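Coordinate analysis (summary)
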Amino acid sequence: MFVSLIQALVVFFSIVNFTFGVFLYLNSKGRTVVKLYAAIIMFATLWSLSTLLTGVSLVPEEYFRYAIIGHYIFGYFAYLAFFWFALLYPLPPAKSAIVLASGITLASFAYL
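What comes next is a walk through the structure. (Residues numbered from 1 in each chain as written. Predicted model: local features only at pLDDT ≥ 70, side-chain atom pairs only at ≥ 80, totals over all residues. Heavy atoms only, no water.)

Looking now at the packing of helix α2 (residues 32-55) against helix α3 (residues 61-88). At a minimum axis separation of 7 Å, α2 and α3 run at an interaxial angle of 155°. Judged by the inter-axis angle, α2 sits roughly antiparallel to α3. Every pair of crossing elements has a handedness; the one defined by α2 and α3 is left-handed. Along the lines of polarity and charge, the residues of the contact of α2 with α3 split into 22 nonpolar, seven polar and no charged. (Axes fitted to C-alpha atoms, helices over the stretch in contact; angles between N-to-C directions. Helix = DSSP H or I, 4+ residues; strand = E, 2+ residues; numbered from the N terminus. Parallel < 35°, antiparallel > 145°, perpendicular 65-115°, else oblique. Left-handed = near helix turned anticlockwise from the far one by under 90°. Nonpolar A, V, L, I, M, F, W, Y, C, P; charged D, E, K, R; others polar.)

What follows is the structure in structure tokens.
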């Protein structure tokens with residue numbers, strides 16, 4: 001089984017990012033915005049790993065199906081966490097509306 005340097009780096013940085021997200025979530029001290037940011041990190045990491053598994057031709061068919069399902073589920077939850085993060089982030093009202101509109105736009109791309 002041949003693994004390219006790009007695939008190895010994606011796995012390495014996914015592990016680092018997921019560990020950072022878990023650490024951030026556990027040390028958030030009840031702050032909702034910090035928990036949502038940690039959720040964005042963790043779901044985006046799982047999404048990237050699922051996407052990586054859909055491109056590897058040496059993955060057995062049963063794992064490929066799980067990778068496809070994970071790609072859509074984790075991608076959707078990453079966009080959903082970003083939407084709630086943008087909605088609850090403490091910004092002045094004008095900037096908050098721009099960030100919210102950006103979050104809605106990105107979330108709509110999840111259905112394409």
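It is worth spelling out a nonpolar patch on the surface at this point. On the surface, Y63, Y66, I69, I73, Y76 and F77 cluster together into a nonpolar patch covering about 610 Å² of accessible area. On the secondary structure map, I69 appears in helix α3. (Patch = residues over 30% accessible without salt bridge, like charges linked within 9 Å, V, L, I, M, F, W, Y side chains within 5 Å. Areas by Shrake-Rupley, 256 points an atom, 1.4 Å probe, with all protein chains shown as cover. Salt bridge = Lys/Arg side-chain N within 4 Å of Asp/Glu carboxyl O.)

Before going further, it helps to spend a moment on the nonpolar core. Membership of the largest hydrophobic core is limited to six residues, which are V33, L36, A39, I40, A81 and F85. Listing elements by their share of this core, those giving two or more residues are α2 and α3. Top contributing element to this core by residue count: α2, with four residues. Counting five residues, the second largest nonpolar core, distinct from the first, contains L24, V34, A38 and M42. (Core = buried A, V, L, I, M, F, W, Y, C linked by side-chain atoms within 4.5 Å. Buried < 20%, exposed > 50% of the residue type's maximum accessible area, 1.4 Å probe, protein only.)

One can describe the packing of helix α1 (residues 5-26) onto α2 by two numbers: an axis separation of 8 Å at closest approach and a directional angle of 160°. In terms of axis orientation, α1 runs roughly antiparallel to α2. As for how α1 packs across α2, the hand of that crossing is left-handed. Here Q7, V10, V11, S14, N17, F18, F20, G21, V22, L24 and Y25 of α1 lie close against α2, whose contacting residues are V34, K35, Y37, A38, I41, M42, T45, L46, S48, L49 and L52. Each residue belonging to the contact of α1 with α2 can be placed in one class, and the counts come to 15 nonpolar, six polar and one charged. (Contact = heavy atoms within 4.5 Å.)

By themselves, these are just geometric observations and shouldn't be taken as functional.
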